[in-house]
There are 2 protein chains.
Amino acid sequence: MVNQSDVARLANVSFITVSRVINNKGNVKEVTRKRVLDAIEELGYHPSSLGRALNSNSINTIGMHLRGNLSNDFVHSLLTGIEAGCKQHNYSLLLHFGDESNTLQPYFERKVDGLIFFLTELTTEEIRLIEKNDIPCVLLWDQCESKVVSCLFSDDVKGGFLATEHLITLGHTRIAHTVGPTDNASARRRHQGYITAMQSHKLTVADDLLLPVPHFSQEAGRQVARELLQRHQLPSAVFCVSDLIAFGLMDALREAGIRVPEDISIIGYDNSHTTAHVYCPLTSVYNPVKEIGHAGAETLIQHIHNEPPTESNRIFDVELIVRKSTASP
Amino acid sequence: MVNQSDVARLANVSFITVSRVINNKGNVKEVTRKRVLDAIEELGYHPSSLGRALNSNSINTIGMHLRGNLSNDFVHSLLTGIEAGCKQHNYSLLLHFGDESNTLQPYFERKVDGLIFFLTELTTEEIRLIEKNDIPCVLLWDQCESKVVSCLFSDDVKGGFLATEHLITLGHTRIAHTVGPTDNASARRRHQGYITAMQSHKLTVADDLLLPVPHFSQEAGRQVARELLQRHQLPSAVFCVSDLIAFGLMDALREAGIRVPEDISIIGYDNSHTTAHVYCPLTSVYNPVKEIGHAGAETLIQHIHNEPPTESNRIFDVELIVRKSTASP
DNA sequence: TTGAAAGCGTTACCAT
DNA sequence: ATGGTAACGCTTTCAA
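No experiment lies behind these values; they were computed from the predicted model shown. Per chain, residue numbering runs from 1 following the sequence as it is written. Each chain gets a letter, beginning with A, and each ligand a number, beginning with 1, in the order they are written. For this predicted model, a pLDDT threshold of at least 70 governs which residues receive local features, and a threshold of 80 or more governs which side-chain atom pairs are given and counted, while totals over whole chains, interfaces and linings are taken from all residues. With hydrogens and water excluded, all non-hydrogen atoms of the structure serve as input to the side-chain values.

*Asks:* Give a detailed account of the packing of helix 2 (residues 15-22) of chain A against helix 3 (residues 30-43) of chain A, specifying residues and quantitative values.
*Replies:* Residues and elements named next belong to chain A. Two elements in contact, helix 2 and helix 3, have axes separated by 10 Å at closest approach and are oriented at 90 degrees. Taken together, the axes of helix 2 and helix 3 are roughly perpendicular relative to one another. From helix 2, Thr17, Val18, Val21 and Ile22 reach across to helix 3, where they touch Thr32, Arg33, Val36, Leu37 and Ile40. Each residue is assigned to one class: nonpolar for Ala, Val, Leu, Ile, Met, Phe, Trp, Tyr, Cys and Pro, charged for Asp, Glu, Lys and Arg, and polar for all the others, Gly among them. The residue inventory of the contact of helix 2 with helix 3, partitioned by class, reads 6 nonpolar, 2 polar and 1 charged. Lines fitted to the C-alpha atoms define the axes, with helices restricted to the stretch that makes contact. Angles between their N-to-C directions range from 0 to 180 degrees. Helix numbering and strand numbering both begin at the N terminus, where a helix is a DSSP run of H or I of at least 4 residues and a strand a DSSP run of E of at least 2. Any angle from 65 to 115 degrees is called roughly perpendicular, while one under 35 is roughly parallel, one over 145 is roughly antiparallel, and all others are oblique. Contacts are assigned to residue pairs that have any heavy atoms within 4.5 Å of one another.

Now the structure itself:
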């Protein structure tokens, strides 16, 4: 692999000068500059990011930790958004998939410039490490006390509220909610929106209206259906914490001969790509995943360039998308 | 950031000895070893991958180039497979999203240990660079002459054959095929399977049965539908080069009042997760995307560890999955 | 068994 | 305007 010294030799200068030319540091005579550039061209030289990073400079890479159990659509939209941000600024994305302990080490070892987290609460240990290493971070779909971390999330409370109110407006009163995992901040906020909507319309939230789901999967939705089918009376509507849950629920109910939306209304969350062309097009809440991914990458790169972002918490708006899976009871 | 010298100082040895302990090089007295390990523990020291990589050692990272226009499901399955491989061997994955020129440079600069390509033909320039830099590579869903590159792909010819033969067996004769982009080897092989099946049953492939699509998207499928709807006579069945195309086609036809499978049979390819719960569950060909991703990562890491893989071309089997979108004419 | 010195490719600081 | 030297954190080679 050709290095600065090789270029220097060919251009008849010292390698320092080569470095100066590469980094546009000025203080290089135009003739010399030209000679160096020619040598670079001739040898096909490219600077090594590693050498750079070793001098505590940037390696133009951000790290992201992917934890499992994410729907295709979510991961894809998120990656698309992050990709857009990275591409714009010519950054690479480093993914590591190790187990939960020592989550951050692989990134530190490789001296990434910044970190993206999402849908995870940061442990105090992680926050300590982040602050100690003074590494820029963004956290997507969650909040965090540390001033070092910028948080971007969508207005899940509003989303939960909109979804529930939509059902209430249609005339439903026995509205169930599939409650997402408690360690998921988005799910907690959607739950809160549901509660707020119910209460503001003087509807009581009986215990049997709350249906916990362990994760966002079709199988979890099917499980909920199995549980509901054992009851004397179904709720007249279900606000699902995610589209995938809604799909599973809808499929299983349909197999049991229950019609959507005639017998039961179902509303999802995320507005994933498939909502539109399933058996019964799903009413859902638009979750700006791609936008948050993009903005997250951009915000992070701003951090890295020492341009502190204007706000440390940024909330993205959501929107109710009405399709065919909801109707008056 | 704490380094080898810090550890050495605390353990009262030279940093060389620390290096030996870390790499299990032996030739270290057990007492010294223990002392060093304690110091490492106490300081929370972790070796820097960068320092290592600079000495042309491994940085435990493989690179992958993602080019756009991939369906959610495909990307997700592929990532899941690759993740499994990486996790097992504690490797990280580096993604870069630059434009087409200079595709490989970002990876070389960062000294990745190996490269994964997929669904792309490698240019001769890229092959030249790979061979020159002597960097292990795997290519998924395509073939390549270079002996340096291992190729893994699924049996698309068989898949195209199975799909077409299924339709023929049902009694169809006017079977159309949406022909994928010509720069996509998988699409070309599926096309070939279609042709072979038609010919082996003495069916002529009239020009109007070949419907080119520019990319694998629902919109492309809808475009095909628009084109078909202007004809006097529809084909009685369509073998779509991907599920996404099939979804778009199916949706658009349904909107025009044409029933699937009563009026027209449709078969997709990939067997993506959504095939099962769409309006009309889609007959499709199972494409082992996740498996190939996993095997690809494993094969690549074998390469990196200098264990040349047993075979340089590995073909994965496919399977026809019959659902509701195909029936006798 | 341990250590010293050199080198990997780059940049920062100080000198010329 | 240009270059020398040191430093980044590590491994390798040789010497003690």
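Moving on, there is more to tell.
*Asks:* Quick rundown of the pattern of salt bridges? Include the residues and the values.
*Replies:* Pairs can form between side chains of opposite charge once their charged atoms are near each other. Think of a salt bridge as a Lys or Arg side-chain nitrogen and an Asp or Glu carboxyl oxygen that are within 4 Å of each other. Under the defined criterion, the tally for this structure stands at 28 salt bridges over all chains. In this structure, Arg190(A) engages Asp156(A) in a salt bridge whose closest nitrogen and oxygen atoms are separated by 2.9 Å. Of this pair, Arg190(A) sits in helix 9 (residues 185-200) while Asp156(A) sits in helix 8 (residues 156-169), and the two are 34 residues apart along the sequence. For the pair formed by Arg190(A) and Asp156(A), the shared burial category is buried. With its nearest N and O atoms 3.5 Å apart, the salt bridge here joins Glu83(B) to Lys87(B). Here Glu83(B) pairs with Lys87(B), and both are found in helix 5 (residues 72-89), just 4 residues apart, close to one helical turn. Burial classes follow relative accessibility: with a 1.4 Å probe on protein chains only, a residue under 20% of its type's maximum area counts as buried, one over 50% as exposed, and anything between as partly exposed. Relative accessible area serves as the criterion here: at 16%, Glu83(B) is assigned to the buried category. We classify Lys87(B) as partly exposed; its relative accessible area is 44%. Overlapping salt bridges, with partners in common, bring together Asp156(A), Arg189(A), Arg190(A) and Asp270(A) in one network.

*Asks:* Describe the domain arrangement of chain A, and please don't skip the residues or the numbers.
*Replies:* The accessible area lost on association of the parts is a frequent measure of interface size. Residue and element names in this part refer to chain A. Assigned domains within chain A: domain 1 (4-154 + 289-316) and domain 2 (156-287). The distance between the C-alpha centroids of domain 1 and domain 2 comes to 39 Å. The interface of domain 1 with domain 2 comprises 12 residues on the first partner and 13 residues on the second. Across the domain 1 to domain 2 interface the summed buried area is about 1100 Å²; carbon plus sulfur atoms make up 36%. Pairs of N or O atoms are called polar contacts if they sit within 3.5 Å, as long as, within protein, a hydrogen donor faces a hydrogen acceptor (for residues adjacent in sequence, only side-chain-to-side-chain pairs). The interface formed by domain 1 and domain 2 contains 5 residue pairs in polar contact (both at pLDDT 80 or more). Secondary structure elements with two or more residues in the side of domain 1 that touches domain 2: helix 5 (72-89), strand 5 (149-154) and helix 12 (289-304). Reported domain spans reflect what an automatic or database domain assignment gives. The buried area of a pairing is the accessible area, by a 1.4 Å probe, that goes missing from both parts when the two are put together, added over both.

*Asks:* Account for the protein's contact with DNA strand D, naming residues and giving values.
*Replies:* Taken together, 27 residues form the shell around DNA strand D, and within it Thr17(A), Arg20(A), Asn27(A), Lys29(A) and Thr32(A) come nearest. Backbone sugar and phosphate groups make up 63% of those atoms of DNA strand D lying within 4 Å of the protein. For DNA strand D, a phosphate oxygen lies 3.0 Å from a polar atom in the side chain of Arg52(B). In the environment of DNA strand D, a base oxygen lies 2.8 Å from a nitrogen or oxygen atom belonging to the side chain of Asn55(B). For the surface near DNA strand D, the secondary structure elements donating two or more residues are helix 2 of chain A together with helix 2 (15-22) and helix 4 (49-54) of chain B. With 4 residues, helix 2 of chain A is the single largest residue contributor to the surface near DNA strand D. Of the residues contributing to the surface near DNA strand D, the split by class is 10 nonpolar, 13 polar and 4 charged. Whether a residue is near a molecule or strand is decided by its heavy atoms; if any one of them lies within 4 Å of it, the residue is near.

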